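Each chain, letter by letter, is given below.
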Amino acid sequence: METAWESELAKFLTDLSAVQDETLEILTQKREMIKASNLEGLAAMGQREEAVIQRLQDCLARRQELLRRAAEEGLPSSSIRSLTTALSPQQRRQLKGPLQESSSRARLLQHHSLTNWVLVQRALLHLAQMVEIIATGGRMRPTYEKDAPAQGGVLVDHAV
């Protein structure tokens, strides 16, 4: 029985590792495309992203099923790491490396996702500032003047 759990966990961790590697590759390519303003490349990545998302969802479903079965058998079922504590010491040692790699890769994926999010947010802020400059004709409102004359932008007020 323990051997079945070990092989199932090893297979799960192998599949998860492959999906994590592909996700990391996509995030890296996406970051480079964002930096290069490659809109066509970003749009083309959609199908590949959808496939990876589906594989990640499949991994999540497998994880939940493994933990559910472990709970039914009275084994630790709060996480995959806790489930491995029910294995023999030798089996735990064999799974320790893949578990640590998976954890490290998950943390790296979080960092890459955050980096991409920050890049996109900065791009949006830049675009918002450009729109404001265009809308106000490049003139800023006085900060400390109470009765500042109304100023319209080229796009908003035709009189300017």
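Rules used in this analysis
- Residues numbered from 1 in each chain as written.
- Predicted model: local features only at pLDDT ≥ 70, side-chain atom pairs only at ≥ 80, totals over all residues.
- Heavy atoms only, no water.
- Helix = DSSP H or I, 4+ residues; strand = E, 2+ residues; numbered from the N terminus.
- Buried < 20%, exposed > 50% of the residue type's maximum accessible area, 1.4 Å probe, protein only.
- Areas by Shrake-Rupley, 256 points an atom, 1.4 Å probe, with all protein chains shown as cover.
- Salt bridge = Lys/Arg side-chain N within 4 Å of Asp/Glu carboxyl O.
- Polar contact = N/O pair within 3.5 Å; in protein donor to acceptor, adjacent residues only side chain to side chain.
- Contact = heavy atoms within 4.5 Å.
- Expected span 1.5 Å × (residues − 1).

Enquirer: Can you lay out the overall build of the protein chain for me, pointing to particular residues and giving the numbers?
Expert: Scanning the protein chain from N- to C-terminus turns up five helices and zero strands. Starting at the N terminus and ending at the C terminus, the protein chain contains elements arranged as α-α-α-α-α. Each of the 160 residues in the protein chain was classed as buried or not, and the buried ones make up 24%. In the form shown here, the protein chain has an accessible surface area of approximately 11,100 Å², with 58% of it arising from carbon and sulfur atoms.

Enquirer: Outline the pattern of salt bridges, supporting the account with residue identities and numerical values.
Expert: Scanning the entire structure with this criterion turns up 12 salt bridges. The partner of Arg105 in a salt bridge is Glu101, with the nearest N and O atoms 3.9 Å apart. Taken as a pair, Arg105 and Glu101 lie in helix α5 (residues 89–135) at a separation of four residues, close to a single helical turn. One salt-bridge network, in which partners are shared between bridges, spans Glu22, Glu25, Arg48 and Arg55.

Enquirer: If you had to explain the environment of Thr28 to someone new, which residues and values would you point to?
Expert: Its place among the elements puts Thr28 in helix α1 (residues 2–35). In this structure the side chain of Thr28 is engaged in a polar contact, spanning 2.9 Å, whose partner is the backbone oxygen of Leu24.

Enquirer: Please set out the side chain of Gln20 residue by residue, giving values where relevant.
Expert: Locating Gln20 in the fold gives a position in helix α1. According to the relative accessible area criterion, Gln20 is buried, its value standing at 5%. Separated by 3.3 Å, the side chain of Gln20 and the backbone oxygen of Ser102 make a polar contact. Within the structure, the side chain of Gln20 is placed 3.0 Å from the side chain of Arg105, a separation counted as a polar contact. Each residue touching Gln20, except ones within four places of it in the same chain, is listed here: Ser102, Arg105, Ala106 and Leu109.

Enquirer: Provide a residue-level description of helix α3 (residues 46–72), including the pertinent values.
Expert: Given 3.6 residues per helical turn, the α-helix brings residues three or four places apart onto the same face. Here α3 contains 27 residues, and its C-alpha end-to-end distance of 39 Å stays within 8% of the 39 Å for a straight helix at 1.5 Å per residue. Gly74 sits one or two residues past α3 and shows a positive phi near 80°.

That's the geometry; what it means functionally is another story.
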